[in-house]
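# What the coordinates show
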Amino acid sequence: MRAFTSGRRGLLVTALPVFALFTAGCGPAADDGGGDDTVTIYSGREEDLVQPIIDRLEEETGLQVEVRYGDTADLAAQLQTEGDRSEGDVYLAQDAGSLGLLVQDGLLAELPSDILDRVPEEYRADSGEWVGLSGRSRVIAYDPEEVDTPPDSVMDLTGDEWEGKVGIAPTNGSFQAFVTALRVIEGDEAAQRWLQDLNDNGVQSYENNRAMLDALDNGEIAVSLNNHYYWYERVKEQGEDAVGSELHYLPDGDAGALVNVSGAGVLAASGNQEEAQQALEFLLGEEAQEYFTQETSEYPLVEGVETMEELPELSELQQPDIDLSDLHSLEESVEMIQEAGLA
Amino acid sequence: MTLAGPRSRRPGGTNEVRPGRSASPSPALLGLSALVAGIALLPLVYLLILAFQDGWQDAAGELFRETTLRLVMNSLGLAAATTVGGLVIGVGLAWLIARTRLPGRRMWALVATLPLAIPSYVAAFVWISAFPWLNGFDGSVIVLTLSTYPYIFLPVLAALGRADRDQEEVARSLGKGPVATFFQVTARQVQPAAAAGALLAALYVLSDFGSVSIMRYDTFTRIIFARANLDHVSAALLSCVLIAITVLILWGEARSRGRARFSRVGAGATRARQQGRLGVWTFPAVLACAAVAGLAVVLPLVSIGYWLVRGSSAGLDGPMLLEASLTTLAVSAAGAALATVLALPVGVLAARNPGPVPQLLERITWLGYSLPGIVVALSLVYFAVHYAYPLYQESPLLVFAYALLFLPAAVGAVRSAVAQSPPGLEEVARSLGSPPPRVFARVTLPLATPGIAAGAALVFLTCMKELPATLLLRPTGMETMATRLWTHTASGAYGAAAPYAALLVVLAAVPAFLLGRKANGLEGDR
């Protein structure tokens, strides 16, 4: 009797692992994006923002899409590590700098002109390897109860009157891209000094833009360096009265007024060039562009799609005179941010 | 789970059999065990190679930076604050329950172990969603203290149960007040148990990734994760520093324990004793217990419930939840199976053959306990990228990581299960002409199966909660319950995160319940 029961248990113990290994093999992990017709997107943009439009992409184009979500810079580094063995087909980045990094390493394929030409020249790669999907402006968000006149330049934020009152998101890709822009405009030395001064001035570090807007509402800080659309998203969610902060678009081509893009490129090593381009075409199509402006409050980059009503026109923004293709030296920016003890 | 290791063997126990004298390990068993030990060493060795590939000078330049110092201070500070907080709560509760007429003592004893059922990153999610401003050091200390104090409470409670009460009575009769008696007698008696628990808590804090990241507090694990892709060498070097700190703490604890002597002469009389009266202190004592229970148990449950209700009004994504659950079950089952298979030779060898070599091999497989999950994962990612690309970001590598991380629990289970079955039966089988593999399959394994299966189940449940290694190693598009909770929490979607938090608590409740039941006979040294 005893032998019988333990025998049965023995069977169970052998059967279970076999079954488990089998199911693990058949799980979502099994299909790799390499050679088959699944388009694998490495997305540096959040799942909440991107997945709805990816779902529509699948419905409209019939493509099978698999997305690896992560941090923009992280995924760029990962693609660099993976090199031509990568299973990724499309890289979707939160800023032009990370795309430029991959261009430098020769990891992105040149796009056909019918994709490139949909977007104005300043919002795509000089050499045609990536294309902007939506525009986002850097802004200063401030608490009007604390601040009468918000500063007109980020360079002012190291002054005494802002001690302990400024919020940044130093690990955020958009902040890093802004630092790159600052380096391009003001030079490395000045940028490093600015970061150091900012730290010495008791700047508060946050994880992301939303946390900074929370902090503004809580009175933790008085101003913060943000991307514009998070504020509009908050107003949409909570109503204008509930949002304590206001936005200030910086004048005179200040680095803090950089208009960056979220953009995408096709990986040179991808075996699905055609499908990947099809995905890009959808993301530049009217529906996706509408989505980016209406749902995520960004600037559409394709002509004929109207910008969300509440936003100031893209042409009215006094953005710095900067070539987005020059923002590729991301690593140095991250290093400088770390050097200043901010991350 | 860490407390249920193989050390609970007691000489002279009825079921226990000393290893047979004749036992010289079979070469096959020894070979397999050495192979497993080699596999267990792989992450550490590769990490060292990677960290120092550019030479000592580059490594030193990378290490002697302000950031490194800041991380050392942050990690040690957090570990220290958490351990002190855990000692106050753990020892205090244990003393109230074991030594006083606290009303509802049995209930409090049970409630005090319940935080073990709440993974620390779930607790972090709870606190950050309820009090968004409570991040950084303060939030991390609160969350980790409430999550780890049971590691101190349980062994101290057990030690108080075993301690010689005569000494306390002597002290009282010699005119010492209750406070002096506590610090000069009782505290000394429970010191080994409290130290062992504090060690566990400190190691837990150092290797914790999820809660400090959710709390946005820069410790080693958080920065290692942030640099995992961006800067391999830097991440590997920081991992080495973290391991060095862990080893130092283990070494220090072992040294201080080696010197101290806390023994009791004779078996002691087991006379029923009056518990101390609390008098006017009854109310504050109950209030203190209720406060701990409220913060560590009630708040998380209420908060998860609140977000569940709020989140489901916004629409519960059923298919997504189901998919994550099934994926979690599949990879965890595979991880448990692989851990058990790997544990078999080492466990059997350790149970049947005494001696330095088997002991060394077993010790090596225990590495998983002192290596943080993020470190093991990091090493495996890099190894796969360079030498085993087909495995890179495929589920087998994740399963392998689970197996390595939780190998100690599996080895412990195999070892004690085999040790409890009489070797005489194997000898009979061998004398009847069965070759060793057949003896193993027909005698050893069937006898030990229930114990091994229990160990596998424990590993299975632990795998389901694993976060950092899963984040780094999962294939594109794969989400487990832990990673879903993680991404939803990171983007502030607390309602969407709540169902995963609830499921994880339910899962973690199983081993916590088993551990709570064992609490009485707990030894607490690991």
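About the thresholds
- Residues numbered from 1 in each chain as written.
- Chains lettered and ligands numbered in written order.
- Predicted model: local features only at pLDDT ≥ 70, side-chain atom pairs only at ≥ 80, totals over all residues.
- Heavy atoms only, no water.
- Helix = DSSP H or I, 4+ residues; strand = E, 2+ residues; numbered from the N terminus.
- Buried < 20%, exposed > 50% of the residue type's maximum accessible area, 1.4 Å probe, protein only.
- Contact = heavy atoms within 4.5 Å.
- Pairing = 2+ DSSP bridges.
- Right-handed = clockwise from strand over helix to strand, strands pointing away.
- pLDDT = per-residue confidence, 0-100.
- Buried area = accessible area lost by both parts, 1.4 Å probe.
- Salt bridge = Lys/Arg side-chain N within 4 Å of Asp/Glu carboxyl O.
- Polar contact = N/O pair within 3.5 Å; in protein donor to acceptor, adjacent residues only side chain to side chain.
- Nonpolar A, V, L, I, M, F, W, Y, C, P; charged D, E, K, R; others polar.

## Brief notes about the overall build of chain A
When you go through chain A residue by residue, the secondary structure sums to 12 helices and 10 strands. Each of the 343 residues in chain A was classed as buried or not, and the buried ones make up 57%. Contacts in chain A between residues at least 24 apart in sequence constitute 76% of all its contacts with a sequence separation of at least 6.

## Looking at the pairing of strand β2 (residues 64–69) of chain A
Residue and element names in this part refer to chain A. Counting buried residues in β2 gives five out of six residues, a clear majority hidden from the surface. Bridge count between strand β1 (residues 38–43) and β2: six bridges; the pairing is parallel. Directly across from Ser 43, in β2, lies its bridge partner Tyr 69. For the handedness criterion, the β-α-β arrangement of β1, helix α2 (residues 47–61) and β2 is classed as right-handed.

## Some remarks on the confidence of the model for chain B
The predicted coordinates ought not to be read in detail in places where the model reports low pLDDT. Residues and elements named next belong to chain B. Residue-level pLDDT values for chain B average 85, and 89% of them are 70 or greater. Mean pLDDT across the elements of chain B bottoms out in helix α16 (residues 367–370) (77) and peaks in helix α18 (residues 395–405) (94). In the model, residues 1–22 has pLDDT below 50 throughout and makes 40 contacts with residues more than four positions away in sequence or in other chains. For residues 520–526, every residue scores under 50 in pLDDT, and the model assigns this stretch 22 contacts once sequence neighbours within four places are set aside. Here the prediction assigns the complex a pTM of 0.81, and the interface score ipTM is 0.72.

## Quick look at the interface of chain B and chain A
For interface size, the figure often reported is the accessible area lost on association. Each partner contributes residues to the interface: chain B has 39 residues there, and chain A has 36 residues. Taken together, both faces of the contact between chain B and chain A bury some 3,200 Å²; the carbon and sulfur share is 50%. Considering only the side of chain B, the residues that lose the most area to chain A are B:Asn229, B:Tyr389 and B:Thr476, jointly responsible for 19% of the buried surface there. The tally of links from chain B across to chain A stands at one salt bridge. Residue B:Arg484 pairs with A:Glu47 through a salt bridge whose shortest N-O separation is 3.0 Å. For the interface between chain B and chain A, the tally reads eight residue pairs in polar contact (both at pLDDT 80 or more). Elements represented by at least two residues in the side of chain B that touches chain A include exactly α3 (66–99), α11 (220–227), α14 (318–352), α21 (436–465) and α23 (481–490) of chain B. Per-element tally for the side of chain B that touches chain A: the top contributor is α14(B), with seven residues. Considering only residue class, the side of chain B that touches chain A consists of 19 nonpolar, 10 polar and 10 charged.

## Considerations on the environment of A:Glu298
Residues and elements named next belong to chain A. Checked against the element boundaries, Glu 298 lands in the loop between α11 (286–294) and β10 (299–300). Sequence-wise, Glu 298 and Asp 326 are 28 residues apart; in three dimensions their C-alpha atoms are separated by 22 Å. Among all residues touching Glu 298, those that are not within four sequence positions of it are Arg 45, Ser 134, Gly 135, Arg 136, His 228, Tyr 229, Ser 262, Phe 292, Thr 293 and Leu 311. A distance of 2.7 Å separates the side chain of Glu 298 from the side chain of Thr 296, its partner in a polar contact.

## Some words on the pairing of strand β4 (residues 130–142) of chain A
All names here are of chain A. With 13 of 13 residues buried, β4 lies mostly within the body of the structure. As judged from the seven bridges shared by β4 and strand β9 (residues 259–266), these two strands associate in the antiparallel manner. Its bridge partner lying in β9, Arg 136 is registered against Asn 260. Of the pairings in the sheet, the one linking β4 to strand β7 (residues 223–227) comprises five bridges and is antiparallel in character. Residue pairing for β7: Ile 140 is matched across the bridge by Leu 225. Examined bridge by bridge, β4 and strand β8 (residues 246–248) share three bridges and lie antiparallel to one another. Across the sheet, residue Ala 141 finds its bridge partner in β8, namely Leu 247.

## As for helix α9 (residues 228–238) of chain A
Residue and element names in this part refer to chain A. Among the 11 residues that make up α9, eight are buried, leaving the element largely enclosed by the rest of the structure. Those residues of α9 that sit buried are His 228, Tyr 229, Tyr 230, Trp 231, Tyr 232, Glu 233, Arg 234 and Val 235. The inward-facing, buried residues of α9 abut α2, β4, α8 (209–218), β7, β8 and β10.

## Side note on the environment of B:Asp164
Residue and element names in this part refer to chain B. For Asp 164, the position within the fold is in the loop between α6 (136–162) and α7 (165–173). What makes Asp 164 buried here is its relative accessible area of 14%. In sequence terms Asp 164 and Val 185 are 21 residues apart; their C-alpha atoms lie 9.8 Å from each other.

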